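Here's the letter readout for the chains.
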Amino acid sequence: MLSGDTLGTSRQHSRCRCWVLKWTLSTLSSSPITQHMPLLRCELAVKSSSQEMLSLAQDQVLAPRDLRFFCSYAHWKGQVLTAEELNVLYEGIKLNKVNQYDYILTGYSRDTSFLEMVVDIIQELKKANPSLVYVCDPVMGDHGAMYVPEGLLPVYKDKVVPLADILTPNQFEAELLTGRKINTEEDAVEVMDLLHKMGPETVVLTSTDLPSKHGDQFLVALGSQKIVKPDGTNSSQKICMDIPKVDAVFVGTGDLFAAMLLAWTHHHPKDLKAACEKTVSVMHHVIKRTITYANEMAGPGNRPSPAQLELRMVQSKVDIENPAIVVEAKVLQKSSH
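The rules behind these values
Residues numbered from 1 in each chain as written. Predicted model: local features only at pLDDT ≥ 70, side-chain atom pairs only at ≥ 80, totals over all residues. Heavy atoms only, no water. Helix = DSSP H or I, 4+ residues; strand = E, 2+ residues; numbered from the N terminus. Contact = heavy atoms within 4.5 Å. Areas by Shrake-Rupley, 256 points an atom, 1.4 Å probe, with all protein chains shown as cover. Buried < 20%, exposed > 50% of the residue type's maximum accessible area, 1.4 Å probe, protein only. Core = buried A, V, L, I, M, F, W, Y, C linked by side-chain atoms within 4.5 Å. Salt bridge = Lys/Arg side-chain N within 4 Å of Asp/Glu carboxyl O.

Engineer: With reference to specific residues and values, describe the overall build of the protein chain.
Structural biologist: Looking only at helices and strands, one finds 10 helices and 11 strands in the protein chain. Long-range contacts, defined here as pairs at least 24 residues apart, represent 72% of the contacts in the protein chain between residues at least 6 apart. A total of about 15300 Å² of accessible surface is found on the protein chain, and carbon and sulfur atoms cover 51% of it.

Given below as structure tokens:
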């Protein structure tokens, strides 16, 4: 976590450094997940534990706001981090000369000025390190409805997405960004190509409403990666995954997906199929372990509580580090030119 102490004592690491920027919850008492490990019991705890296990040192900025959309708990606490306060934190990082990052990961934001400050910071960090990879989860809505102010959409379209190297929208967010509807697999491929033209070399549609060939108990996700080879030629790979659904509501699965995709594309930078298979397989193992534990704690005939559905991150350490592949990606097309 990025804090006053971090600004004063942060060290350069031999590992890759990642800065996580997102609005989220930074509170609360201990739980089975956090009582044995100093993780925040919040969405960013997902990023912290999973990325540290995969050797990505990181700093985090926590900015709680409007969590009624995401938090399953009846109560939450926290303060809003403003754009000005974010800039003060960043200035502290620069003064201590620890502003060399390999990755930036951003997620949910409801404030236009905050999002524009993020853009300014990323532009400056990319000037300092042109090979920096920016992973953007453009959290705006789902199932046909926006849960952020509409004014954020043009900021994402005109400023954020063109900066991103990896983009992880759901179907609705991809449709918002491109102005195109997705009704078929071909539509999804065209939308990913449009998103490539906006900037990102890697696009993953984390969830869609497309029917799965395995039935309605599966969710369809798609991905596309464009790679420039050393000789200047281009290659591309498009994939499709059928992911088993789980009948429960979890907090932090989107964060886990983005964090794992960042980590596994770091390990497999030119193989989206392998990165996505490991990402989704980690998700499967963590969720399966979580729902098994939650059902045991709730007892027969009872629905698990939000506390019982806390993602079992620490208990899934081995699966995060070396997941058994349980979801295989199908290559839709692979081309070189």
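That covers the picture; the talk isn't over yet.
Engineer: Could you give me a rundown of the environment of Ala294, with the residues and numbers involved?
Structural biologist: When you line up the elements, Ala294 lands in helix 9 (residues 272–298). A residue is classified by how much of its surface remains accessible, and Ala294, at 0% relative accessible area, is buried. In this view, Ala294 contacts Pro304, Gln308 and Leu309; residues no more than four positions away in its chain are not counted.

Engineer: Describe in detail the nonpolar core, supporting the description with residues and values.
Structural biologist: Formed by 49 residues in total, the largest nonpolar core has its most connected members in Tyr134, Tyr156, Val160, Leu177, Leu205 and Leu222. Contributions of two or more residues to this core are made by helix 3 (83–95), helix 4 (112–128), strand 4 (133–136), helix 5 (152–160), helix 6 (171–178), helix 7 (185–198), strand 8 (202–208) and strand 9 (218–228). Broken down by element, the residue count for this core peaks at eight residues, all from helix 4. Core analysis: the next-biggest nonpolar cluster, separate from the first, contains 35 residues, Cys18, Ala258, Ile287 and Val327 among them.

Engineer: Describe the pattern of salt bridges, listing the residues and the values that go with them.
Structural biologist: Applying the stated rule across the entire model yields 10 salt bridges. Of the charged contacts, one joins Lys94 and Glu91 as a salt bridge, the two residues approaching to 3.1 Å between their closest N and O atoms. Here Lys94 pairs with Glu91, and both are found in helix 3, just three residues apart, close to one helical turn. Given a relative accessible area of 32%, Glu91 falls into the partly exposed group. The salt bridge involving Glu124 is made with Lys94; its shortest N-O contact spans 2.9 Å. Taken together, the positions of Glu124 in helix 4 and Lys94 in helix 3 put the pair 30 residues apart, joining distant regions of the chain.

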